[in-house]
Amino acid sequence: NTLLLNLAHALLVSGRAEKALGVLTVLRSRDNSNIEIENAFGAGLIQLGRSEEARSILTPYAGDKVVSANLELI
């Protein structure tokens, strides 16, 4: 999971959000309560302009500093 999460982060940073979401979807199916995975998934959705979906995924974790920063981007 750690390797896939790192791959997803690299894809997000390189502007390949759709590919990242594919990797993150696999990760979410394995672990649906990991804040790092959820945050990365939300960030990918934000990059793709899918703000409302991102908000619904990120809001439960709004107390986290990094998640909060992503929510501010919406």
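These remarks concern the structure in this document. Since the model is a prediction, treat every value here as computed from it, not as a measurement.

## Considerations on the packing of helix H3 (residues 35-47) against helix H4 (residues 51-58)
The geometry of a pair of packed helices is captured by two quantities: the angle between their axes and the separation between those axes. One can describe the packing of H3 onto H4 by two numbers: an axis separation of 8 Å at closest approach and a directional angle of 165°. With respect to their mutual orientation, H3 and H4 come out roughly antiparallel. Considering only the axes of H3 and H4, their crossing is left-handed. Contacts between H3 and H4 involve Glu 38, Asn 39, Phe 41, Gly 42, Leu 45 and Ile 46 from the former and Glu 53, Ala 54, Ile 57 and Leu 58 from the latter. By residue class, the composition of the contact of H3 with H4 is six nonpolar, two polar and two charged.

## Observations regarding the packing of helix H1 (residues 2-13) against helix H2 (residues 17-30)
Axis separation between H1 and H2 bottoms out at 8 Å; the angle between their running directions is 155°. Compared by their axis directions, H1 and H2 come out roughly antiparallel. Crossing of H1 over H2 shows left-handed handedness. Facing Leu 4, Leu 5, Leu 7, Ala 8, Leu 11 and Leu 12 of H1, the residues of H2 in contact are Ala 17, Lys 19, Ala 20, Val 23, Leu 24, Leu 27 and Arg 30. Tallied by class, residues from the contact of H1 with H2 come to 11 nonpolar, no polar and two charged.

## Regarding the pattern of salt bridges
As enumerated under the stated definition, the model contains three salt bridges in all. Between Arg 28 and Glu 38 there is a salt bridge, with its nearest N and O atoms 2.8 Å apart. Of this pair, Arg 28 sits in helix H2 while Glu 38 sits in helix H3, placing them 10 residues apart in sequence. In this structure Arg 28 comes out as partly exposed when scored by relative accessible area, which is 25%. A salt bridge links Arg 50 to Glu 53, with the shortest nitrogen-to-oxygen separation between them at 2.8 Å. The partly exposed category is assigned to Arg 50, whose relative accessible area is 34%.

Parameters at a glance
- Residues numbered from 1 in each chain as written.
- Predicted model: local features only at pLDDT ≥ 70, side-chain atom pairs only at ≥ 80, totals over all residues.
- Heavy atoms only, no water.
- Axes fitted to C-alpha atoms, helices over the stretch in contact; angles between N-to-C directions.
- Helix = DSSP H or I, 4+ residues; strand = E, 2+ residues; numbered from the N terminus.
- Parallel < 35°, antiparallel > 145°, perpendicular 65-115°, else oblique.
- Left-handed = near helix turned anticlockwise from the far one by under 90°.
- Contact = heavy atoms within 4.5 Å.
- Nonpolar A, V, L, I, M, F, W, Y, C, P; charged D, E, K, R; others polar.
- Salt bridge = Lys/Arg side-chain N within 4 Å of Asp/Glu carboxyl O.
- Buried < 20%, exposed > 50% of the residue type's maximum accessible area, 1.4 Å probe, protein only.

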